[in-house]
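Architecture and fold: a report
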Protein chains: 2
Amino acid sequence: MNAKTPSAKVLARYEARAQIIKALAHPARLLIVDELSKHGERCVCELTEMIGSDMSTVSRHLGVLKGAGLVADEKRGQMVFYRLRVQCISNFFDCIESVMTCNARRHQDLIE
Amino acid sequence: MNAKTPSAKVLARYEARAQIIKALAHPARLLIVDELSKHGERCVCELTEMIGSDMSTVSRHLGVLKGAGLVADEKRGQMVFYRLRVQCISNFFDCIESVMTCNARRHQDLIE
DNA sequence: TGCTTGTTTGGCCAAATAGCCGAGTACGCA
DNA sequence: TGCGTACTCGGCTATTTGGCCAAACAAGCA
């Protein structure tokens with residue numbers, strides 16, 4: 001029942017998980033994921049317009065998401081369309097959302 | 001149906017979400033969260049032993065989790081005990097896990 | 001062929017993150 | 001009071017991340 005130090009294999013597993021979570025840990029990338037979960041797919045130019053930063057920056061963000069296996073890309077003509085590879089992302093957001101409302105309530109309590 | 005650039009308020013909301021996710025985006029912190037979800041609470045020294053790095057480092061990680069509102073701390077005697085503030089973390093992990101198996105399968109496909 | 005548009009990539013710099021060490025604080029005990 | 005243990009925090013350095021610009025690619029069109 002003691003807190004034992006985990007094996008290298010287990011550690012590598014946590015490392016891999018952290019890598020995926022890290023890919024989601026940026027507002028622009030969350031915005032992208034949310035947009036892709038609402039519409040099926042979006043090209044880089046649409047996402048760039050939505051986010052409002054340089055297209056090269058958005059492309060990099062998409063690269064990060066793709067590297068984590070969260071999105072897939074498909075080139076059609078001169079445009080590249082991205083879509084989500086996974087569906088469970090919304091559960092993910094629900095949890096984050098509940099943390100946020102929980103935090104908000106707590107801060108409220110401190111004021112009263 | 002166009003990708004419109006979100007308002008400052010919406011943007012701030014994504015920023016806040018990203019902040020919480022960022023707190024989870026580290027193997028040591030995932031390890032901590034997992035440990036706390038299994039046992040109700042752990043003191044810093046136990047977590048330090050489990051993770052195997054400097055106690056100051058572990059304390060910093062706990063500070064990050066606390067800052068995001070994910071854990072609560074309570075001092076009893078000379079020890080400080082941490083516990084999870086939220087329960088939904090496991091759903092969270094389930095999603096990450098499914099991404100990982102999905103990725104693994106995909107890599108497998110590339111080999112065959 | 002050259003021009004335009006959509007996208008990715010390399011280079012660079014600023015900012016954030018992670019880790020350790022050592023100092024400081026808080027508590028319990030003699 | 002003084003000592004040891006548990007923990008936090010300031011300071012430092014190394015690494016990573018994020019952003020922009022400019023250059024390189026790729027595809028369609030004149």
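Our subject is the structure that appears above.
In this report, we go over the structure that sits alongside the text. (Residues numbered from 1 in each chain as written. Chains lettered and ligands numbered in written order. Predicted model: local features only at pLDDT ≥ 70, side-chain atom pairs only at ≥ 80, totals over all residues.)

1. A closer look at the relation of the copies chain B and chain A
Turning chain B through 180° and shifting it by 0.0 Å along the axis lays it on chain A, with an RMSD of 0.0 Å. Both copies are brought into coincidence by an operation consistent with a two-fold rotation axis. Minimal C-alpha distance to the rotation axis in chain B is attained by Phe92 of chain B, lying at 2.7 Å. A high fraction, 100%, of the interface residues of chain B reappear at the interface in chain A, so the copies pair face to face through one surface. (Least-squares fit on C-alpha atoms with pLDDT ≥ 70 in both. Contact = placed C-beta atoms within 7 Å.)

2. Describing helix H2 (residues 27-38) of chain B
Because the α-helix completes a turn every 3.6 residues, residues three or four places apart line up on one side. Helix length check: H2 of chain B, at 12 residues, gives a terminal C-alpha distance of 17 Å against a target of 16 Å (1.5 Å per residue), a fit within 8%. Among the residues making up H2 of chain B, those that are buried are Pro27, Ala28, Arg29, Leu30, Leu31, Ile32, Val33 and Leu36 of chain B. (Helix = DSSP H or I, 4+ residues; strand = E, 2+ residues; numbered from the N terminus. Expected span 1.5 Å × (residues − 1). Buried ≥ 20, exposed ≤ 12 C-beta atoms within 10 Å, placed from the backbone.)

3. A few points about the protein's contact with DNA strand D
Not every one of the 22 residues close to DNA strand D is listed here, only the nearest: Cys43, Val44, Cys45, Ser56 and Ser59 of chain B. Listing elements by their share of the surface near DNA strand D, those giving two or more residues are helix H4 (55-67) of chain A together with helix H3 (44-51), helix H4 (55-67) and strand E3 (79-84) of chain B. With 5 residues, H4 of chain B is the largest single contributor of residues to the surface near DNA strand D. Looking at the surface near DNA strand D residue by residue, the classes come out as 9 nonpolar, 10 polar and 3 charged. (Near = placed C-beta within 6 Å. Nonpolar A, V, L, I, M, F, W, Y, C, P; charged D, E, K, R; others polar.)

4. Focus on the interface of chain B and chain A
Tallying the contact residues gives 42 residues for chain B and 42 residues for chain A. Those elements that provide at least two residues to the side of chain B that touches chain A are helix H1 (8-24), H2, H3 and helix H5 (89-111) of chain B. Ranked by residue count, the leading element in the side of chain B that touches chain A is H5 of chain B, at 11 residues.

5. Brief notes about the protein's contact with DNA strand C
Around DNA strand C, 23 residues are found, and the nearest of them are Cys43, Cys45, Ser56 and Ser59 of chain A together with Asp54 of chain B. Sorting the residues of the surface near DNA strand C by element identifies helix H3 (44-51), H4 and strand E3 (79-84) of chain A together with H4 of chain B as the ones contributing at least two each. Grouping the amino acids of the surface near DNA strand C by side-chain chemistry returns 9 nonpolar, 10 polar and 4 charged.

6. Regarding the sheet that holds E3 of chain B
Residues and elements named next belong to chain B. Read from one edge of the open sheet, 3 strands run E1-E3-E2, paired in antiparallel fashion. In this open sheet, the two strands that pair with only one neighbour each are strand E1 (41-43) and strand E2 (71-76). Ignoring strand direction, the axes of neighbouring strands in this sheet form an average angle of 30°. Sheet topology places E2 next to E3; 6 bridges connect them, and they run antiparallel. Among the inter-strand pairings, Val71 is bridged to a residue of E3, identified as Leu84. Along the sheet face, H3 touches E1 and E3 and points at about 85° away from the line of E1. (Pairing = 2+ DSSP bridges. Axes fitted to C-alpha atoms, helices over the stretch in contact; angles between N-to-C directions.)

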